[in-house]
Amino acid sequence: MIGIVQGRLTYSGKKLQSFPKDPYSEFSLASKLNYDYIEFFSERNLNKKNPIWSEQGIKKYLLLSKKYNLKIYSFCDNYVIKNSISNKKTLKYILHILDRLSLLKVKKYIIPLYEKSEFSNKGKTKIIKNLRAISKKCIKLKIKLLVESDMSPNDFFELKKTVNSKNIFFLFDSGNRSALKRNFINDILKFGNQIKLVHLKDKDKYKKNVLIGKGIVDFNALFKNLKNINYKGNFTIESQRGTNISKQAKKNYIFFKNLILKNKI
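Just so we're clear, the structure is a prediction, and the values are computed from it rather than from any experiment.

Q: Even after reading the chapter, I still don't get helix α2 (residues 55-67), so can you show me in this structure?
A: Along an α-helix, a turn takes 3.6 residues, which lines up residues three or four apart on a common side. Taking 1.5 Å of rise per residue, 13 residues should cover 18 Å, and α2 covers 18 Å from first to last C-alpha, within 8% of that figure. Residues Gly57, Ile58, Tyr61, Leu64 and Ser65 constitute the buried set of α2. Buried residues along α2 cover an arc of 135 degrees about the axis, so they all sit on one side. Away from its buried face by more than 90 degrees, α2 exposes Gln56, Lys59, Leu63, Lys66 and Lys67. In this structure, the buried residues of α2 make contact with α1 (26-32), β2 (37-42) and α4 (88-104). Positive backbone phi, approximately 55 degrees, marks asparagine 69, located one or two places after α2.

Right, dumping it as structure tokens:
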């Protein structure tokens, strides 16, 4: 399946990752453009207007998904980027939002380990401890826990072993790794079947998110090597909107759909 990040089908100002003013309006357009799902997300600062926090909001998401034949699949919790998961307060927040996501029937919960939640020596012990609690909660709710990070495959396998959970997997982001000039081809081969979702974006040499095809990401090599590990997961597009949002979103969908078909993923 191919999905698109919430907010990328509406204009929300200059900020790329911003919550849409009308989160319900994107469902019809996503369906019209043949997308399979919209990836929901939280903001770095708590936004109580996010429909995830209200019974009415969740019911409307479920209703619109059914009406427009869109799957409810993943949720990326950007709140942890600004609020470290090593903190008790953040852990409490995560356990609560997981209950909300369960009501929404989300299949995959994504934790971006960046900035305040970066997996480094500082605070590593507390992060691991809290990841254990989060993983257990996810198992109980039948939600897969995905880590999004620039960490190496070796660091991820160390994390997985230390957390000691079979329910912690990896989200591979094409833009973030290429911008760091890592050999993402080798990374894909090493991560192997631990990759359960791929975020698709393009970046230039200055680490700026650019239109698909305008940056340094070698998408042909990316998909070829996803085929080599027999990847059967889904893809979420995180690209720039362009001047014509729907036209660019359609163009992106066709581009990646052709790569999926070409590589028989």
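And the narrative resumes.
Q: In this structure, what is going on with the pattern of salt bridges? I would like to understand it.
A: Opposite charge on two side chains makes pairing possible when the charged atoms of those side chains draw close. Counted under the stated rule, the structure contains five salt bridges. Between arginine 100 and glutamate 55 there is a salt bridge; the shortest N-O distance is 2.8 Å. Taken together, the positions of arginine 100 in helix α4 and glutamate 55 in helix α2 put the pair 45 residues apart, joining distant regions of the chain. Overall, the relative accessible area of 9% leaves arginine 100 in the buried class. Its salt-bridge partner being lysine 137, residue aspartate 99 comes within 3.0 Å of it at the nearest N-O pair. Residue aspartate 99 is found in helix α4, and its partner lysine 137 is found in helix α5 (residues 124-141); the two are separated by 38 residues along the sequence. Take aspartate 99: its relative accessible area is 32%, and that puts it in the partly exposed class.

Thresholds applied
- Residues numbered from 1 in each chain as written.
- Predicted model: local features only at pLDDT ≥ 70, side-chain atom pairs only at ≥ 80, totals over all residues.
- Heavy atoms only, no water.
- Helix = DSSP H or I, 4+ residues; strand = E, 2+ residues; numbered from the N terminus.
- Expected span 1.5 Å × (residues − 1).
- Buried < 20%, exposed > 50% of the residue type's maximum accessible area, 1.4 Å probe, protein only.
- Arc of directions from axis to C-beta.
- Contact = heavy atoms within 4.5 Å.
- Salt bridge = Lys/Arg side-chain N within 4 Å of Asp/Glu carboxyl O.

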